[in-house]
Amino acid sequence: MISTYLVPLDEVAKVRDEHLAFLEGLFAQGTLVAAGRQEPPVGGMVLLDVADEAAAREVISHDPYVLRGVAEYEARGWSPTVGALKDYGKS
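Because the structure is a prediction, the values reported are computed rather than measured.

Draft legend 1. Fine view of the overall build of the chain. The number of helices and strands found in the chain is three helices and four strands. In sequence order, the secondary structure elements of the chain are arranged as β-α-β-β-α-α-β. In terms of overall size, the chain behaves like a compact globule, its C-alpha atoms giving a radius of gyration of 13 Å where 91 residues would be expected to give roughly 12 Å. When the backbone C-alpha atoms are referred to their principal axes, the chain occupies close to 40 × 25 × 20 Å. Residue burial in the chain is summarised as follows: out of 91 residues, 30% are buried.

Draft legend 2. Seen up close, the nonpolar core. Met 1, Leu 26, Val 46, Leu 48 and Tyr 65 are the most contacted members of the largest nonpolar core, which has 18 residues in total. Put simply, the parts of the chain that give this core at least two residues each are helix 1 (9–29), strand 3 (44–48), helix 2 (53–60) and strand 4 (71–74). At five residues, the largest contribution of residues to this core is made by helix 1. Excluding residues that lie within four positions of it along the chain, Leu 48 makes contacts with Met 1, Leu 26, Thr 31, Leu 32, Val 33, Ala 56 and Val 59.

Draft legend 3. Broad picture of the packing of aromatic side chains. Evaluated as defined, the whole model comprises one aromatic pair. Pairing Tyr 5 with Tyr 65 gives two aromatic rings, centres 6.0 Å apart and planes at 85°, and the pair type is edge-to-face. Of this pair, Tyr 5 sits in strand 1 (residues 2–5) while Tyr 65 sits in helix 3 (residues 64–67), and the two are 60 residues apart along the sequence. For Tyr 65, a relative accessible area of 2% puts it in the buried group.

Thresholds applied
Residues numbered from 1 in each chain as written. Predicted model: local features only at pLDDT ≥ 70, side-chain atom pairs only at ≥ 80, totals over all residues. Heavy atoms only, no water. Helix = DSSP H or I, 4+ residues; strand = E, 2+ residues; numbered from the N terminus. Rg over C-alpha atoms; globule rule 2.2 N^0.38 Å. Buried < 20%, exposed > 50% of the residue type's maximum accessible area, 1.4 Å probe, protein only. Core = buried A, V, L, I, M, F, W, Y, C linked by side-chain atoms within 4.5 Å. Contact = heavy atoms within 4.5 Å. Phe/Tyr/Trp six-rings, centres within 6.5 Å; stacked < 30°, edge-to-face > 60°.

These results come straight from atomic positions and should not be treated as a statement about function.
Below, the structure is given as structure tokens:
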């Protein structure tokens with residue numbers, strides 16, 4: 001999921017702790033693979049381990065950034081073939 005901030009960074013900052021706690025919860029559940037802010041800080045990227053786009057949209061709909069209207073997300077599918085994640089989830 002690729003996010004785009006809809007408000008200035010100072011408004012994003014007011015929700016950031018809630019957002020990060022949400023992501024930590026996803027990581028603890030095994031749903032989140034990795035996440036981070038884009039550079040320049042216009043949004044972020046959230047790599048989820050879910051079955052399909054519908055599941056990704058359902059998960060991200062609970063993100064405080066979405067609930068508080070500070071960011072929107074675009075879904076992008078991705079299958080790693082080279083690098084550190086190439087065998088992720090394959091066992």
